[in-house]
Amino acid sequence: MFESLKPQPADKILALMQAYKEDPRDTKIDLGVGVYKNAEGVTPIMRAVKAAERHLWESETTKTYTGLAGDPVFADALSTLILGDDKPADRLAAVATPGGTGAVRLGFDLARMANPGMRVFVSDPTWPNHLSILKYLDQETVTYRYFDNDTGGVDFDGMIADLGGAQAGDVVLLHGCCHNPTGANLNLTQWQAVIDLINAKGLIPMIDIAYQGFGDGLDADAAGTRLVVKNCPEVIIAASCSKNFGIYRERTGLLMAISETPAQQGVTQGSLAYLNRQTYSFPPDHGARLVGMILTDDALRADWMAELEEVRLGMLDLREQLATELRNLSGSDRFGFLAQHRGMFSRLGVSPEIVEKLRADHGVYMVGDSRMNIAGLNKNTVPVLAQAIIDAGA
Ligand code: LMR
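Residues numbered from 1 in each chain as written. Predicted model: local features only at pLDDT ≥ 70, side-chain atom pairs only at ≥ 80, totals over all residues. Heavy atoms only, no water.

A. Spotlight on the confidence of the model for the protein chain. Looking at the protein chain as a whole, its pLDDT mean stands at 97, while 100% of the residues score no less than 70. Averaged over each element, pLDDT in the protein chain is lowest for helix H1 (residues 12-22) (93) and highest for strand E7 (residues 171-175) (99). (pLDDT = per-residue confidence, 0-100. Helix = DSSP H or I, 4+ residues; strand = E, 2+ residues; numbered from the N terminus.)

Next up, the structure:
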């Protein structure tokens with residue numbers, strides 16, 4: 001039987017991670033996979049996470065199953081963190097999932113269950129795994145223009161023109177903040193214009209929010225998502241705690257689905273629980289429980305927010321420093337967009353040949369489309385990277 005299996009394409013981001021590990025140069029710089037690293041190159045366990053783990057270890061009395069939706073404290077606290085205090089609780093269904101990817105996958109499944117004929121509109125570019133999952137599901141997918149390589153900003157006219165081709169019932173996948181892989185984001189006026197188009201055409205917004213708190217702050221990063229929820233009758237939201245709680249391997253995510261009416265909420269909740277049961281039964285609990293504990297304890301929450309803010313400001317400093325170094329070396333402001341981008345990533349906008357040169361000649365690892373993980377830098381490596389970018393001919 002297995003002889004009929006075909007080799008699967010390697011995931012580009014994970015292959016790059018492996019190539020970096022195997023590179024013996026001690027001057028190498030890892031700007032690949034989206035994992036936060038501090039100035040020492042370490043991905044720390046956040047203080048509040050460690051404290052919550054200690055408390056959980058002492059207080060947890062059973063490892064029996066949770067419900068299919070996972071810990072309700074987690075779902076309630078995380079949905080409030082994302083949607084704010086005026087979340088539409090009576091229309092909101094939510095289940096814990098294995099990471100944000102689990103939420104994305106189940107979000108597509110939910111949309112397909114509700115409307116098997118729908119198409120999914122995704123930004124060009126988007127996180128490669130969005131495309132990979134959609135392909136695996138054999139789901140018809142359409143790209144909309146998003147990134148303007150010349151300015152490093154959003155090609156908003158192109159985006160609106162391409163979304164104009166969507167039909168009622170089609171799903172529009174949006175990045176809640178900190179667009180992966182470009183770092184270029186919609187402003188609130190643009191979010192509103194997208195919402196108007198979605199409503200005029202009867203489209204379903206699906207938001208992937210994986211970097212809340214990494215861009216302009218916890219509330220600012222959720223503002224687009226909250227605007228969508230306020231204005232659109234139905235919304236799907238896939239959220240991840242991997243980055244903002246630093247609990248990557250705990251696989252902690254939340255899938256939310258907002259129905260048009262409170263009367264529909266129960267069936268939507270049941271459908272989400274059903275999808276969990278068919279896919280892996282109960283979602284992982286450890287990370288979700290830690291997040292629930294942190295968000296509902298004033299001291300832990302305050303400490304988590306303070307540490308997250310340090311992380312965010314550190315990445316902004318690195319962005320500013322890199323834009324300045326490149327301005328000095330190139331004598332132009334053509335890389336100024338790096339300081340405007342938000343989140344962990346920026347797309348540099350250089351050719352795959354230059355990306356390859358950076359790897360081969362300078363040991364700089366970035367994804368082939370020139371996506372850089374800003375958190376892979378520190379004060380000492382920024383000038384090295386800037387010089388390498390110029391030397392590679394960018
Ligand atoms: C990334 O984009 O690098 C992260 O989301 C990690 C991953 O799973 O690809």
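B. Geometry of unusual backbone geometry. In this model, Asp124 is joined to Pro125 through a cis peptide bond whose omega is 5°. Here Pro125 is to be found in the loop between strand E3 (120-124) and helix H5 (128-136). Even without glycine at this site, Cys178 takes up a positive phi of about 50°. Tracing the backbone shows Cys178 in the loop between E7 and helix H7 (188-201). Judged by relative accessible area, which is 2%, Cys178 ranks as buried. One non-glycine residue, Ser370, lies in the positive phi region at around 70°. Mapped onto the elements of the fold, Ser370 is located in the loop between strand E12 (364-365) and strand E13 (371-373). (Buried < 20%, exposed > 50% of the residue type's maximum accessible area, 1.4 Å probe, protein only.)

C. Structural context of the domain arrangement of the protein chain. Its domain assignment divides the protein chain into domain 1 (11-44 + 301-391) and domain 2 (65-296). In this structure, domain 1 and domain 2 have C-alpha centres spaced 26 Å apart. Listed as interface residues are 25 residues of domain 1 and, on the opposing side, 31 residues of domain 2. The junction of domain 1 with domain 2 conceals about 2300 Å² of combined surface from both sides, 60% of it contributed by carbon and sulfur atoms. Across the domain 1-domain 2 interface, the total number found is one salt bridge. With its nearest N and O atoms 2.8 Å apart, the salt bridge here joins Arg342 to Asp216. At the boundary of domain 1 with domain 2, the tally comes to 13 residue pairs in polar contact (both at pLDDT 80 or more). Of all the secondary structure elements, the ones that give two or more residues to the side of domain 1 that touches domain 2 are helix H11 (298-330) and strand E11 (345-347). Tallying contributions element by element places H11 first for the side of domain 1 that touches domain 2, with eight residues. Class assignment of the residues belonging to the side of domain 1 that touches domain 2 gives a composition of 12 nonpolar, six polar and seven charged. (Domains from an automatic or database assignment. Contact = heavy atoms within 4.5 Å. Buried area = accessible area lost by both parts, 1.4 Å probe. Salt bridge = Lys/Arg side-chain N within 4 Å of Asp/Glu carboxyl O. Polar contact = N/O pair within 3.5 Å; in protein donor to acceptor, adjacent residues only side chain to side chain. Nonpolar A, V, L, I, M, F, W, Y, C, P; charged D, E, K, R; others polar.)

D. Spatial organisation of the pairing of strand E9 (residues 235-240). Taking burial as the measure, the six residues of E9 include six buried ones, the bulk of the element. Residue alternation in E9 divides its side chains into two sets, Val235, Ile237 and Ala239 and Ile236, Ala238 and Ser240, and both sets are buried. Relative to E9, strand E8 (residues 204-209) runs parallel, the two being bridged by four bridges. Of the residues in E9, the one forming a bridge with Met206 is Ile236. For the crossover from E8 across helix H8 (residues 218-231) to E9, the handedness is right-handed. Pairing between E9 and strand E10 (residues 253-258): six bridges, direction antiparallel. Each residue of the ladder has a partner; that of Val235, found in E10, is Ile258. (Pairing = 2+ DSSP bridges. Right-handed = clockwise from strand over helix to strand, strands pointing away.)

E. The arrangement of the pattern of salt bridges in detail. As enumerated under the stated definition, the model contains 18 salt bridges in all. Salt-bridge contacts for Arg359 lead to Glu356; the nearest nitrogen and oxygen are separated by 2.7 Å. Pair noted here: Arg359 and Glu356 are both in helix H13 (residues 352-362), with a separation of three residues, about one helical turn. For Glu356, a relative accessible area of 39% translates into the label partly exposed. Shared partners join several salt bridges into a network, and the residues in it are Arg47, Asp303, Glu307 and Glu310.

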